[in-house]
Amino acid sequence: MIHDGGKPTVIVVDDEATNLSFLKEILQDDFNVRLSPSGERALAFMEKSTPELVLLDIEMPGMNGFEVIRAIKKNPEWQEIPILILTGHDERDGEEQAFNLGAVDYIRKPISAGVVRARVRLHTELENHRKNLEGLVAVRTEQLEQMQDSILSMLANMTSFRDNETGAHIKRTTIYAKVLIENLMKKRHPNYLIDPKYADSVVKSAKLHDIGKVAIPDSILFKPAKLTVEEFEVIKKHAVYGAFILDSAIDELKETSYFLMVAREIIIGHHEKWNGSGYPAGIKGENIPLSARIMALADVYDALISERPYKKPFTHEVSMNIILKDAGTHFDPTLVELSLDVMDSFRDIALMHKDDHSFEVYEGLYI
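Residues numbered from 1 in each chain as written. Predicted model: local features only at pLDDT ≥ 70, side-chain atom pairs only at ≥ 80, totals over all residues. Heavy atoms only, no water.

**A look at helix 12 (residues 290-305)**
Between its terminal C-alpha atoms helix 12 stretches 23 Å, which fits the 22 Å expected from 16 residues at 1.5 Å a residue. Most of helix 12 sits inside the fold, with 15 of its 16 residues counted as buried. (Helix = DSSP H or I, 4+ residues; strand = E, 2+ residues; numbered from the N terminus. Expected span 1.5 Å × (residues − 1). Buried < 20%, exposed > 50% of the residue type's maximum accessible area, 1.4 Å probe, protein only.)

Structure, rendered in structure tokens:
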């Protein structure tokens, strides 16, 4: 927006020079007044300097007022600019049409100086108030997002304290998921068209994927050996427990939270397999939410390159060979194919965010 000495800018559009001079005289004490004898010249001016308000005559040769309103409303940067129209007493139909197109008020001719000043002042003040509210909302939204991120980090830390894995596992898998989904956004495959809101929700949710492990007994969660079949059945329930934790939060909200719904998809679905042999529901293929398919790839890679009580860590090369072998059975094969070129970066991410214990890598047996 352009200001002259702190004054709001108003552009007056009228094909009659006497009207332009009169309106400038009326408004110049309180506003930076720019005059235009045609709609075309007014729009050209607005390309360089966006006004706070447009005062617009309807009946003009060439481009009339209705066409000017349409052009203004078509530009996303101008859509909120208040437009006041100048009409005669016999132009009632034109007033209605102008309102339908997006005008906010009208001033009848012959022009009254007091009415013009009052109406223009009112709508510039309303527009300024709207912008201030938008600014406050933006600040409040940012504060809420920061609070949400802090709560997510707290919950993720709680999960890491209750797991035999470390906080580094949560950090690594979150970064892997971010790399994978940003790669999908860039490649724009027709089956994987992702908007920024969804991508952001997936990345934020990734750190919660194992939150259900807080409900698993210590004797199983911290067992320093490979689990028995019965114990593994218990550990598998963490996906359902995690979804239950989120369901209680979702039920408390008056409106469904998009972020929480994406988080739930990841929590309950990241152990599902492409061929339907996963858990807890045994769903398969594209019935598995994309967010969960992405998380599965990130989570399994990290499990492969990490040390466990029953296994040593695998190399990046061995881990990638396993993932390639399991594309189409465990993993979404197209997702794997699209992700291969960026998964080379996983090696550096893993080395940058090591576990607290030694990151000694060797060629081990796949379990």
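**A word on the pattern of salt bridges**
What the rule picks out here adds up to 20 salt bridges. Measuring nitrogen to oxygen at the nearest pair gives 3.5 Å for the salt bridge that ties Asp 105 to Arg 119. With Asp 105 in strand 6 (residues 105-108) and Arg 119 in helix 5 (residues 113-161), this residue pair connects regions lying 14 residues apart in the sequence. In this structure, a network of salt bridges that share partners links the residues Glu 80, Glu 127, Arg 130 and Glu 134. (Salt bridge = Lys/Arg side-chain N within 4 Å of Asp/Glu carboxyl O.)

**What about the packing of aromatic side chains?**
One pass over the full model with this rule turns up five aromatic pairs. A ring pair is formed by Tyr 176 and Tyr 301, whose centres lie 5.3 Å apart and whose planes are at 90 degrees; its orientation type is edge-to-face. In this pair, Tyr 176 sits in helix 6 (residues 167-187) while Tyr 301 sits in helix 12, placing the two residues 125 residues apart along the sequence. Judged by relative accessible area, which is 0%, Tyr 176 ranks as buried. For the pair Phe 232 and Tyr 279, a centre-to-centre distance of 6.1 Å together with 85 degrees between the ring planes defines the contact as edge-to-face. Pair noted here: Phe 232 is in helix 9 (residues 229-235) and Tyr 279 is in the loop between helix 11 (258-269) and helix 12, with a separation of 47 residues, a long-range link. Lying across the ring of Tyr 258, Lys 197 places its NZ or CZ 4.5 Å from the centre. (Phe/Tyr/Trp six-rings, centres within 6.5 Å; stacked < 30°, edge-to-face > 60°. Lys NZ or Arg CZ within 6 Å of the ring centre and 35° of its normal.)

**Notes on the side chain of Arg 293**
Within the element layout of this structure, Arg 293 appears in helix 12. There is a polar contact of 2.8 Å between the side chain of Arg 293 and the backbone oxygen of Ile 288. In this structure, Arg 293 is in contact with Tyr 192, Trp 274, Gly 285, Glu 286, Ile 288, Asp 332 and Leu 335, ignoring residues within four places of it in sequence. (Polar contact = N/O pair within 3.5 Å; in protein donor to acceptor, adjacent residues only side chain to side chain. Contact = heavy atoms within 4.5 Å.)

**What about the confidence of the model for the protein chain?**
With 86% of its residues at a pLDDT of 70 or more, the protein chain has an overall mean of 85. Of the regions scoring below 50 in pLDDT, residues 357-367 engages in 27 contacts with residues more than four places distant in sequence or in other chains. (pLDDT = per-residue confidence, 0-100.)

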